[in-house]
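Breakdown of the fold
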Amino acid sequence: MSTIDWLVMSATILAIVAYGLYKSRNVKDIRGYLLSDKDMKWWTIGLSIMATQASAITFLSTPGQAFDDGMRFVQFYFGVPIAMVVISIVAIPIFHRLNVYTAYEYLEQRFDLKTRSFTAILFLASRGMAAGLTIYAPAIILSTLLGWQTDILCIVIGLIVMVYTVSGGTKAVSHTQKQQMVVILVGMIIAGVLMVLKLPADISFGDAVFLAGKMGKLNVITSPSSWSEFELKDRYNIWSGLIGGTFLALSYFGTDQSQVQRYLGGKSLTESRVGLLFNGIFKVPMQFMILFIGAMMFVFYQFEARPMFFNQVERSNVVESDYGSQYLELEKSYQDLNEQKTGLYRDLLSARETGNETQQAEIQGKLHSLENKAKQTRQEGIDLITQNNPDADKNDLDKVFLTFVLEHLPVGLIGLLMAVILSASMSSTSAELNALATTTIVDIYKRLFHKDKEDRNYLSASKWGTFIWGIFAIGFALFADQLGNLIQAVNILGSLFYGTILGIFVVAFFLKNIGGTSVFIGAVLAELLVVACYVLPLVNIDVFGWLDIGFLWYNLIGCVAVVLFSLLAKVFQNI
Amino acid sequence: MFKLLIIASIANPVIGAMSFCPLAEIFFTFALLLRKPLYPMEEKDENQELRELIPFMKNWKTFYAIVLGELVVLIVVFYFFSRAFS
């Protein structure tokens, strides 16, 4: 990166941090620190909610997802608007009326202390480790591409976040997220526009869209054509998006404290609701835009030399090994295939102009055949990388967008896009630390150990709580590279808990005759069921082949199981 | 309310198998969900507050309809977009 890029990136990040510190300078008590004095406007809430969900990985991986698999990933977000409406109708009025600090606080009023503590601990267990990964995941990608030290990057990101999150609490988090989201959106729009402008002179925007479509990258809506084709392990189709996605969004936005805290700070019920619905309106178009950038990036790299494998560190390792000559041969074949494709793309555009549909279909068939050969060659290259180093990172899709940024954007804009990625990482991490500290202090420290202390004691404890969770997150990020598959396990861990937590809240909101003991038994049994669904296929025990399903469905299973088991527990209690 | 959701979740796959299922899912579920306001006591004041914030919103149901309507429109547009460029 050039000096100008460094200046742009540093100035953007520091300005955002300074703004957050300035806006939160008057925080004097626990209400101000954890609920932002309930003075947030709807646009701050809306942008804050979007920024919390959008981690750096969202902006690094999502374009790569479209580059490889097309745009169908957008269906994953179809549940968001539905969930926003349900939460606005059902949850927000209750949270506001009870004036709670955390979503779990409500569970004690509705059920009992053990259900509140159980749910809070489920949240702390899953989100605590995820906070470390939110720092680690972008750090490892940036270090791979820029040669920066991963450890130093983790510490720098973590410390910057801690500076304003510890001092300003929720107010600082929400106000910085507003600025971060603006930087993110502006940066992504500029990157998208430049990507189209950088296409060869004879390829127009319309041509690029046409080619992306012909290569199957604009497959936004996918659905099995019949029930026999329906597969539960297919993560991204309209069914999993609408049903599984709705349950996931309901649990994430309605019961995850890192999101609930964003709208609890609303000036009024109306401001909170509008903020949440704002997210419901803009989330799907935003994801569509990011994926569309990925589809355009696919077209861009059809006319531009592209590496066979985007992770240059792993490439260098295999080239320098005994497999080097084999790998270089594969790279040459891959480039030859790409050159053949480039010629055919131009032929396809000519055929479109002449209106010759038979020729178009013929060229399209040839292109798909070459694309499959290129994929096969690439896979052989990845196999060599794995043979050389079994622990090598085989996924390079999260490096595609950043490679484009570093190699093709002008000086200054690279710095801005780096600021986008760091902003996204900081916005998610700050919300997580803020929520973890709030749950620890309000649901554990204050409720279980120090009930009647002075306000300043709780304020001080909250700051210490944020600080300790920050250190934990940085520590987890520093050791994450030694955890291997545990990282994947941590990600899955979150989806294993969400359904159960949502189920507890569904019972709380809708089944008025179910008490604390019944829901507690139901939640424990449901959690065991969800864990069994995940674990049994791993040890090759599968019930009728039904358990091999995408993780998105765990949310639905967990939620429904809590409801059913709670009802059964209630029936048995009455006998 | 919960009974309505149960009925909706059972009925949706049946409707979905026969027609353009995602649209049926959204319409059917929320037709049931919005049929009866959960908190009618607070609705009047909240609607007033909403009108002050966003002038063209008559009440919350209008807002919810816009959010869900946008989703339906997006799905339809995306569907034709996918077909047009495949």
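The structure we're discussing is the one just above.
Residues numbered from 1 in each chain as written. Chains lettered and ligands numbered in written order. Predicted model: local features only at pLDDT ≥ 70, side-chain atom pairs only at ≥ 80, totals over all residues. Heavy atoms only, no water.

Some points on the overall build of chain A
What counts here: Think of it this way: any DSSP run of H or I at least four residues long counts as a helix, any run of E at least two long counts as a strand, and we number them from the N terminus. Using C-alpha atoms as the atom set, the radius of gyration is obtained and then compared with a globule rule of 2.2 Å times the number of residues to the power 0.38. Contacts: residue pairs with any heavy atoms within 4.5 Å of one another. Accessibility throughout is a Shrake-Rupley quantity obtained with a 1.4 Å probe, and a residue counts as covered only by protein chains that appear here. Asp and Glu count as negative and Lys and Arg as positive, but His and the ends of the chain are not part of the count. One atom stands in for each charge, and that atom is NZ of Lys, CZ of Arg, CG of Asp or CD of Glu.
The helix and strand inventory of chain A stands at 21 helices and zero strands. Its C-alpha atoms give chain A a radius of gyration of 25 Å, near enough to 25 Å, the size a compact globule of 575 residues would have. Along the longest, intermediate and shortest principal axes, the C-alpha atoms of chain A span 75 × 60 × 50 Å. Looking at chain A alone, contacts between residues at least 24 apart form 85% of all its contacts between residues at least 6 apart. Per element, the accessible surface of chain A, about 21,600 Å² overall, is 61% carbon and sulfur. Taking the 43 positively charged and 46 negatively charged side chains of chain A as two groups, their mean positions are separated by 12 Å.

As for the overall build of chain B
Stated formally: A simple rule labels every residue: compare its accessible area, found with a 1.4 Å probe on the protein chains alone, to the largest value its type can have, and call it buried under 20%, exposed over 50%, or partly exposed in between.
Of regular secondary structure, chain B possesses four helices and zero strands. For chain B, the α and β elements follow one another from N to C terminus as α-α-α-α. Considering chain B as a whole, with its 86 residues, one finds that 38% of them fall into the buried category. Partitioning the intrachain contacts of chain B with sequence separation of at least 6 by distance along the chain shows that 48% fall at a separation of at least 24. If you sum the accessible surface of chain B, you get close to 5,000 Å²; carbon and sulfur atoms cover 69% of it.

Things to note about empty space enclosed by the protein
Residues and elements named next belong to chain A. Quick reminder of the rule: The pocket and cavity definitions rest on a 1 Å grid over protein atoms only: a 1.4 Å probe that fits but cannot leave marks a cavity, an open set with protein on both sides within 12 Å along at least five of seven lines marks a pocket, and residues lining either have an atom within 4 Å of a point. Grid points are joined across faces, edges and corners, and a volume is the space filled by probe spheres set on the points. Each residue gets one of three labels, nonpolar for Ala, Val, Leu, Ile, Met, Phe, Trp, Tyr, Cys and Pro, charged for Asp, Glu, Lys and Arg, and polar for the others, Gly among them.
All chains considered together, the criterion is met by two cavities of 30 Å³ or more. Roughly 40 Å³ of volume is contained in the second largest cavity. If you tally residues by element for the lining of the second largest cavity, the top one is helix α17 (residues 413-449), at three residues. Residues of the lining of the second largest cavity, tallied by class, amount to five nonpolar, no polar and one charged.

A word on the packing of aromatic side chains
Let me state the cut-off plainly: Stacked, edge-to-face and tilted are the three classes for Phe, Tyr and Trp ring pairs, Trp counted by its six-membered ring, which pair at centre distances within 6.5 Å; planes under 30 degrees apart are stacked, over 60 edge-to-face, the rest tilted. Note on criteria: charge over ring means Lys NZ or Arg CZ within 6 Å of the ring centre, with the direction from the centre no more than 35 degrees off the ring normal.
Under the definition given, this model contains 38 aromatic pairs over all chains. Where F73 of chain A meets F76 of chain A, the ring centres are 5.4 Å apart and the plane angle is 15°; that geometry is what we call stacked. Of the two residues examined, F73 of chain A and F76 of chain A, each falls in the buried class. Three or more aromatic residues joined by ring pairs make a cluster, and in this case those are F78, F205, F288 and F292 of chain A together with F78, F81 and F85 of chain B. It is K114 of chain A that lies over the ring of F520 of chain A; its NZ or CZ is 5.7 Å from the centre.

A short note on the environment of C154 of chain A
By the secondary structure assignment, C154 of chain A is in helix α8 (residues 150-197). Residues contacting C154 of chain A, with those up to four places away along its chain left out, are I135, Y136, A139, I474, A477 and L478 of chain A.

Quick word on unusual backbone geometry
Residues and elements named next belong to chain A. The backbone of S36 shows a phi angle near 55°, a positive value even though the residue is not glycine. Along the polypeptide, S36 turns up in the loop between α2 (30-35) and α3 (42-53). According to the relative accessible area criterion, S36 is buried, its value standing at 0%. Positive phi values are uncommon outside glycine, yet K38 reaches one of about 50°. With respect to the secondary-structure elements, K38 resides in the loop between α2 and α3. K38 gets classed as buried once you look at its relative accessible area, which sits at 11%.

Some details on helix α14 (residues 324-354) of chain A
Stated precisely, the cut-off is as follows: Under the convention used throughout, the expected extent of a helix is 1.5 Å for every residue step, that is, one less than its residue count.
Given a rise of 1.5 Å per residue, 31 residues ought to cover 45 Å, and the 46 Å separating the end C-alpha atoms of α14 of chain A matches this to within 8%. Backbone geometry just after α14 of chain A places G355 of chain A at a positive phi near 75°.

So, the side chain of S428 of chain A
Residue and element names in this part refer to chain A. As a reminder, the rule being used: In protein, a polar contact requires one atom able to donate a hydrogen and another able to accept it; more generally it is a pair of N or O atoms within 3.5 Å, and residues adjacent in sequence count only if both atoms are side-chain atoms.
Note on placement: S428 falls in helix α17. Its relative accessible area of 2% is what places S428 among the buried residues. A distance of 3.3 Å separates a polar side-chain atom of S428 from the backbone oxygen of T52. S428 has contacts with A51, T52, A54, S55 and T134, leaving out every residue within four places of it along the chain.

Here we look at the packing of helix α12 (residues 269-300) of chain A against helix α4 (residues 60-84) of chain B
What counts here: Angles here are taken between N-to-C directions and fall from 0 to 180 degrees, while the axes themselves are lines fitted to C-alpha atoms, restricted in helices to the stretch in contact. Here the angle decides the label: under 35 degrees means roughly parallel, over 145 means roughly antiparallel, 65 to 115 means roughly perpendicular, and every other value means oblique.
Close contact between α12 of chain A and α4 of chain B brings their axes to 10 Å; oriented N to C, the two are set at 10°. With respect to each other, α12 of chain A and α4 of chain B are oriented roughly parallel. Two secondary-structure elements touch here, α12 of chain A through T270, R273, V274, L277, G280, I281, V284, P285, F288 and F292 of chain A and α4 of chain B through W60, F63, Y64, V67, E70, L74, F78 and F81 of chain B. Here the residues of the contact of α12 of chain A with α4 of chain B are counted per class, giving 14 nonpolar, two polar and two charged.

Some remarks on α3 of chain A
Helical periodicity: at 3.6 residues per turn, an α-helix aligns residues three or four positions apart in one direction. All names here are of chain A. Between its first and last C-alpha, α3 extends 17 Å over 12 residues, near the 16 Å set by a 1.5 Å rise per residue. In terms of burial, α3 is largely enclosed, as 10 of its 12 residues are buried. Residues T44, I45, G46, L47, S48, I49, M50, A51, T52 and Q53 constitute the buried set of α3. Among the structural elements, α4 (56-69), α8, α10 (238-255), α11 (257-264), α12 and α17 are those in contact with the buried residues of α3.

Structural notes on the side chain of R306 of chain A
Residue and element names in this part refer to chain A. Threshold: By definition here, a salt bridge exists when the distance from a side-chain nitrogen of Lys or Arg to a carboxyl oxygen of Asp or Glu is within 4 Å.
Along the chain, the position of R306 falls in the loop between α12 and α13 (312-319). E371 is the oppositely charged side chain nearest to the buried, salt-bridge-free R306, at an N-O distance of 5.2 Å. Every residue in contact with R306, bar those within four places of it in the chain, is listed here: F67, Y301, Y334, Q335, N338 and K341.

Focus on the packing of α13 of chain A against helix α15 (residues 357-388) of chain A
All names here are of chain A. Relative orientation of the contacting elements α13 and α15 amounts to 70°, with a least axis distance of 9 Å. Put simply, α13 runs roughly perpendicular to α15. Residues E314, N317 and V318 of α13 touch α15, and the partners they reach there are L384, I385 and N388. For the contact of α13 with α15, a count of residues per class yields three nonpolar, two polar and one charged.

Some points on the pattern of salt bridges
Taken as a whole, this structure holds 17 salt bridges over all chains when the rule is applied. Each of E108, R116, D443 and R447 of chain A takes part in a single network of salt bridges with overlapping partners.

Observations concerning the nonpolar core
Just so we agree on the cut-off: Residues belong to one nonpolar core when they are buried, are Ala, Val, Leu, Ile, Met, Phe, Trp, Tyr or Cys, and are joined through side-chain atoms within 4.5 Å.
Counting 208 residues, the largest nonpolar core has F78 and F95 of chain A together with F63 of chain B as the members making the most contacts within it. The leading source of residues in this core is α12 of chain A, at 19 residues. Not counting the four nearest positions on each side in its chain, F63 of chain B is found in contact with V274, L277 and I281 of chain A together with L50, I54 and M57 of chain B.

As for a nonpolar patch on the surface
All names here are of chain A. Quick note on the threshold: Exposure above 30% relative accessible area and the absence of a salt bridge qualify a residue for a patch, where like charges join within 9 Å and nonpolar side chains (Val, Leu, Ile, Met, Phe, Trp, Tyr) within 5 Å.
A contiguous nonpolar patch, built from W464, F467, I468 and I471 and spanning about 420 Å² of accessible area, is present on the exposed surface. Tracing the backbone shows I471 in helix α18 (residues 455-479). You can call I471 partly exposed: its relative accessible area is 43%.

Here's the deal with the state of the cysteines
All names here are of chain A. So the rule is basically this: Counting rule for disulfides: a pair of cysteine sulfur atoms within 2.5 Å.
If you walk through the whole model with that rule in mind, you get zero disulfides over all chains. Sulfur of C533: no disulfide; nearest cysteine sulfur belongs to C559 and is 14 Å away. Overall, C533 belongs to the buried group, its relative accessible area being 7%.

Examining the environment of A91 of chain A
Residue and element names in this part refer to chain A. With respect to the element layout, A91 can be found in helix α5 (residues 79-98). Under the relative-accessibility criterion, A91 is labelled buried at 3%. In the structure, A91 is positioned 66 residues away from R25 in sequence and 31 Å away in space, judged by C-alpha atoms. Discounting chain neighbours no more than four positions away, the residues touching A91 are V86 and F509.

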